[in-house]
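Each chain, letter by letter, is given below.
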Amino acid sequence: MQSGVRLCVPTASVLGLFCRGCWSKMRSLPGRSFSCLPKQMSRWNSQETPSPPPPEENPRVLITGGLGQLGVGLAQLLRQKFGTENVILSDIKKPPPHVVSSGPFVYADVLDYKHLRELVVNNRVTWLIHYSALLSAVGEANVALARKINITGLHNVLDLALENCLRLFVPSTIGAFGPSSPRDPAPDLCVQRPRTIYGVSKVHGELMGEYLHHKYGLDFRCLRYPGVISVNTPPGGGTTDYAVQIFHDALSTGHHECYLRPDTRLPMMHISDCHRATIEFMQAPECQLSLRTYNIAAMSFTPEEVAQEIRKHLPHLKVTYNPDSVRQTIADSWPVRFDDSNARRDWGWAPAFGLEELVSDMLRSIRDMRTNEGLPVS
């Protein structure tokens, strides 16, 4: 072993439970040094009786890509749980005033490795939640940029997590599956072969994270999100974004033009279930995890089914269909349903929102938001 190089090893390994080969397997990656648990290792190698571990502290969390659909809401929940100053939101965009006033926010470009490293070290980060990504439809329009952000940015956070023994969460997606995947339902482990740069980058992330977990002990965790439906963030270029826009249109103009066929069935989830799943998964003890990448599911519906449910509240809603070839092709290659039985068994995942609850909550929340902003409600 080279002098001065320390290896990131899971706690179980330090206690003699490492069963995937001898210590010689644990080599540093080129150009990066790793440090983790040096005191625990030296104490174990000596004959001293180990002292009891100190009380577990709240995690220090950094969220990249925090101004997208998921970051602000997740930060709010994590701050309620772990303390406002322990959760740092970051992005390359200027945050709105309510984000600045709600807790720590910093500029962070996931392509700038040195600056990311400074943020992790200076803020004593222990959890990194990596939300920076270009979504499916936007990624297909700019493959080069998607490759940089979704793959080069991922490698930067993987290396940082290894160097600093972080618990790293990288979301995957329905887009990680392809036309040859089982569609109804799609299991956790199956043929994937996506046909978008977004999907390819997500499969790459799943496999790199699992590889670094098995080889170096990285605490990598990944959930495959279905389409996520939320009020506060406008659609960001995803193929499932119609399921957000239709609620805004129903209450503003009473008319929605859908870019998918009316019978296009896709897995969907209310954002509160998505946030809760992420937090519960991040808190789950490692010994409960049989996988590093899990599907999570809540409901599955078509544009026509969600429109019919909205019409129970707003009978005047008119929906026309003008399928966009790019998004329709992407949607046709994705699963109809997720099999999330492993998540339910291993760490107790269960959704709270079905289609009826989702529609009621979205209409109520958007109506309140438009009223508070002085906007008309259809």
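For the structure itself, consult the block above.
A.B. asks: I'd like a rundown of the packing of aromatic side chains, residues and numbers included.
C.D. replies: All told, the structure shown has 10 aromatic pairs when counted by the stated rule. Centre to centre, the rings of phenylalanine 169 and phenylalanine 281 are 6.4 Å apart; their planes meet at 75 degrees, and the pair counts as edge-to-face. Of the two residues, phenylalanine 169 sits in strand β5 (residues 167–169) while phenylalanine 281 sits in helix α10 (residues 271–283), which places them 112 residues apart along the sequence. Taken individually, phenylalanine 169 and phenylalanine 281 each receive the classification buried, so the pair is uniform in this respect. Between tryptophan 347 and tryptophan 349, the aromatic rings sit 6.5 Å apart at their centres with planes inclined by 40 degrees, giving tilted as the arrangement. With a relative accessible area of 8%, tryptophan 347 lands in the buried category. Pairwise contacts between aromatic rings join Tyr131, Phe169, Tyr225, Phe281, Tyr294, Trp347 and Trp349 into one cluster.

A.B. asks: Give a description of unusual backbone geometry that names residues and reports values.
C.D. replies: Going from aspartate 184 to proline 185, the amide bond is cis rather than trans, its omega being 0 degrees. Summarising the element assignment, proline 185 is placed in the loop between β6 (172–173) and α8 (197–216). Of note, the phi angle at cysteine 165 is positive, near 50 degrees, even though the residue is not glycine. Relative to the helices and strands, cysteine 165 is located in the loop between α7 (143–164) and β5. The residue arginine 193 is not glycine, and still its phi comes out positive at about 50 degrees. For arginine 193, the location among the structural elements is in the loop between β6 and α8.

A.B. asks: Go over the sheet that holds strand β8 (residues 227–229), please, and point to the residues and values.
C.D. replies: Strand order in the open sheet made by the 3 strands is β8-β10-β12, with mixed pairing throughout. Where the open sheet ends on each side, the last strands, each with one partner, are β8 and β12 (299–301). This sheet shows a mean twist of 45 degrees between the axes of neighbouring strands, independent of strand direction. Here strand β10 (residues 266–270) runs beside β12; their pairing, made up of 3 bridges, is antiparallel.

A.B. asks: So what about the environment of tyrosine 225? Which residues, and what values?
C.D. replies: Its location among the elements puts tyrosine 225 in strand β7 (residues 219–225). Residues tyrosine 225 and cysteine 274 lie 49 residues apart in sequence; the distance between their C-alpha atoms is 7.5 Å. Not counting residues up to four positions away in its chain, the partners in contact with tyrosine 225 are Leu70, Tyr131, Phe169, Pro171, Ser172, Thr173, Ile174, Cys274, Thr278, Ile296 and Phe338.

A.B. asks: Quick one: what's the story with the side chain of serine 172, residue by residue and with numbers?
C.D. replies: As for its placement among the helices and strands, serine 172 is situated in strand β6. In terms of polar contacts, serine 172 uses its side chain to reach the side chain of glutamate 206, at 2.5 Å. Dropping the residues within four chain positions of it, serine 172 is found in contact with Lys202, Glu206, Cys222, Leu223, Arg224 and Tyr225.

A.B. asks: Describe the environment of alanine 161, and please don't skip the residues or the numbers.
C.D. replies: Among the structural elements, alanine 161 can be located in helix α7. According to the relative accessible area criterion, alanine 161 is buried, its value standing at 0%. Taking the C-alpha atoms as reference, alanine 161 lies 8.7 Å from phenylalanine 220; in sequence the two are 59 residues apart. Excluding residues that lie within four positions of it along the chain, alanine 161 makes contacts with Leu166, Leu168 and Leu218.

Parameters at a glance
- Residues numbered from 1 in each chain as written.
- Predicted model: local features only at pLDDT ≥ 70, side-chain atom pairs only at ≥ 80, totals over all residues.
- Heavy atoms only, no water.
- Phe/Tyr/Trp six-rings, centres within 6.5 Å; stacked < 30°, edge-to-face > 60°.
- Helix = DSSP H or I, 4+ residues; strand = E, 2+ residues; numbered from the N terminus.
- Buried < 20%, exposed > 50% of the residue type's maximum accessible area, 1.4 Å probe, protein only.
- Pairing = 2+ DSSP bridges.
- Axes fitted to C-alpha atoms, helices over the stretch in contact; angles between N-to-C directions.
- Contact = heavy atoms within 4.5 Å.
- Polar contact = N/O pair within 3.5 Å; in protein donor to acceptor, adjacent residues only side chain to side chain.

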